[in-house]
Every structure is written in C-alpha cells, then in structure tokens.
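# Observations on chain architecture
Now for the letters of each chain:
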Amino acid sequence: MSKKICILNGSPRSNGNTKELIKSFMKGAEAAGHETTCFDLQKMNIHGCLGCCKGGKEEENPCVQKDNMAEIYPVYRQADIVVLASPMYYWGISGQLKCAFDRLFAVAEMTPDYENPKKDCILLMAAEGNTESNFAPVRAFYEGLVSHLNWKNIGIVYAGGNMDAGAILNKAEQLNAAEELGKSV
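Residues numbered from 1 in each chain as written. Predicted model: local features only at pLDDT ≥ 70, side-chain atom pairs only at ≥ 80, totals over all residues. Heavy atoms only, no water.

Considering the arrangement of structural elements, one finds Asp-40 in strand β2 (residues 35-40). Owing to a relative accessible area of 19%, Asp-40 belongs among the buried residues under this scheme. For the pair Asp-40 and Pro-12, spaced 28 residues apart in sequence, the C-alpha to C-alpha distance is 8.1 Å. Beyond its immediate sequence surroundings of up to four residues, Asp-40 is in contact with Asn-9 and Lys-19. (Helix = DSSP H or I, 4+ residues; strand = E, 2+ residues; numbered from the N terminus. Buried < 20%, exposed > 50% of the residue type's maximum accessible area, 1.4 Å probe, protein only. Contact = heavy atoms within 4.5 Å.)

Below you can see the structure in the form of structure tokens.
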C-alpha cells in the first residue's frame, strides 16, 4: 500500500550530507511506490513558536502565525510517515528542524486534548562523529519525542564521519542504508 511521506530537512546546506541521505531515502521510497514531499526548511520563512496556545482554529493553517508553515501543515496532516532529517549540531538536531517541529503543535491544538496525529517516524542524521556515544544524546531526544507523541519509530540512519559537505558521497554503505530504509517502509 502506497504511503505519504513528509520529509523535514533541517540542514542549512543545499547539497550537504543530510540532503544526500534524503535523496537516497526518497529514491528507495519512490521505487517502492510511496509519495514523498521534502521541505528544505532553511529556504523557508518559518518563525519560532510563540507558545501562545492560540492555534488550532483554522484547519488548513492552524497556527496564528502566517508564514511558510502553511505549506507544511497540509502535507504533515496527510502523511503516514514523518522523516526528521538533520545534521548533528551540538549533539542535537538543527535549529531549523526544531523550529519547524515545534510549530506542529498547532495541529495538536485542533483536538480538545491536544492529541497529536498518529504517525510513523524516521530519523536521518549526518554527523562528524561516528561513535555510539556521539549519537547517544540524539537517540535519547528522538526516542523521547516519538514516545511522548505516541508515534512509532520505523527506522534510523546515523551517518557518522561526515564533516565536509559531500563527504558522504564516498560512503556508499550509508547512502545504501537510507535507500533500503526508504524501500522498506
């Protein structure tokens, strides 16, 4: 059965290592018959969450702020799978991804009990470091996030050893892992 996949690209590099992971994932997912939509968050005008708790009033654009999140909301709401893609910044996700993800709370405000829509989730992450301890803080954040949202983690690709833009192009195993994950969903 074909699935709709919403990819949130938190990398500020247009053609960096994270984008290469996304391209490989999309190749696999589309080969398996799934529909993918990727948002390059760095190129979008997205303001930080105000914490006003006044969203949830307009179905198409539930946040009180009117910016490029209006493009993401309908795709997110229809998605079966959300892919969080980010380079590792100070042992966490990028600010671009965190900013956009925080704004998804406006969709939860559409329900009386602030229930988030149920999704499957994937994490794609490129990083300089390449050890278990390097990825441990991100793993803890991601596992806590999907647990609290009551989402299902269906895959993670940690692509370490990639500092310079394009370094991942020499690591076929990492790109293959992303492609195979795309095929498997």
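Resuming the write-up.
Our focus in this paragraph is unusual backbone geometry. Residue Cys-53 is not a glycine yet carries a positive backbone phi of 55°. Examined against the element boundaries, Cys-53 turns out to sit in the loop between β2 and α2 (69-78).

Now for the pairing of strand β1 (residues 4-9). For β1, a buried count of 5 out of 6 residues is recorded, marking the element as mostly surrounded by other parts of the structure. As defined by bridge partners, β1 adjoins β2 across 6 bridges and the pair is classed as parallel. Residue Ile-7 lies in a different strand from β2, and its bridge partner there is Cys-38. For the crossover from β1 across helix α1 (residues 17-31) to β2, the handedness is right-handed. (Pairing = 2+ DSSP bridges. Right-handed = clockwise from strand over helix to strand, strands pointing away.)

Turning next to the pattern of salt bridges. A full pass over the atoms with the stated rule returns 11 salt bridges. In this structure, the salt-bridge partner of Asp-67 is Arg-103, at a minimum N-O distance of 2.7 Å. Within this pair, whereas Asp-67 is found in the loop between β2 and α2, its partner Arg-103 is found in helix α3 (residues 95-103), the two being separated by 36 residues in sequence. The burial state of Asp-67 is the same as that of Arg-103; both residues are buried. One salt bridge connects Glu-132 with Arg-139, and the closest N-O pair in it is separated by 3.2 Å. Several salt bridges converge on common partners, so that one network encompasses Lys-27, Glu-179, Glu-180 and Lys-183. (Salt bridge = Lys/Arg side-chain N within 4 Å of Asp/Glu carboxyl O.)

Counted at 1.5 Å a residue, the expected span for helix α6 (residues 172-184) with its 13 residues is 18 Å, and the 18 Å between its end C-alpha atoms agrees. Turning to α6, its buried residues number three or more, namely Gln-174, Leu-175, Ala-178, Glu-179, Leu-181 and Gly-182. End-on view of α6: buried residues confined to an arc of 155°, all on one side of the axis. Turned more than 90 degrees off the buried face of α6, the exposed positions are Glu-173 and Ser-184. Buried residues along α6 sit in contact with α1, β4 (120-126) and β5 (152-159). (Expected span 1.5 Å × (residues − 1). Arc of directions from axis to C-beta.)

This next bit is on the nonpolar core. The biggest cluster of nonpolar side chains holds 34 residues, and the ones touching the most others in it are Leu-8, Leu-41, Ile-72 and Leu-84. Looking at this core, the elements that each hand over two or more residues are β1, α2, β3 (81-87), α3, α4 (105-108), β4 and α5 (132-149). Among the elements that make up this core, the one with the highest residue count is α5 (6 residues). (Core = buried A, V, L, I, M, F, W, Y, C linked by side-chain atoms within 4.5 Å.)

Along the chain, Asn-17 turns up in helix α1. A distance of 3.4 Å separates a polar atom in the side chain of Asn-17 from the backbone oxygen of Asn-162. Within polar-contact distance, the side chain of Asn-17 engages the backbone nitrogen of Ala-167 at 3.1 Å. (Polar contact = N/O pair within 3.5 Å; in protein donor to acceptor, adjacent residues only side chain to side chain.)

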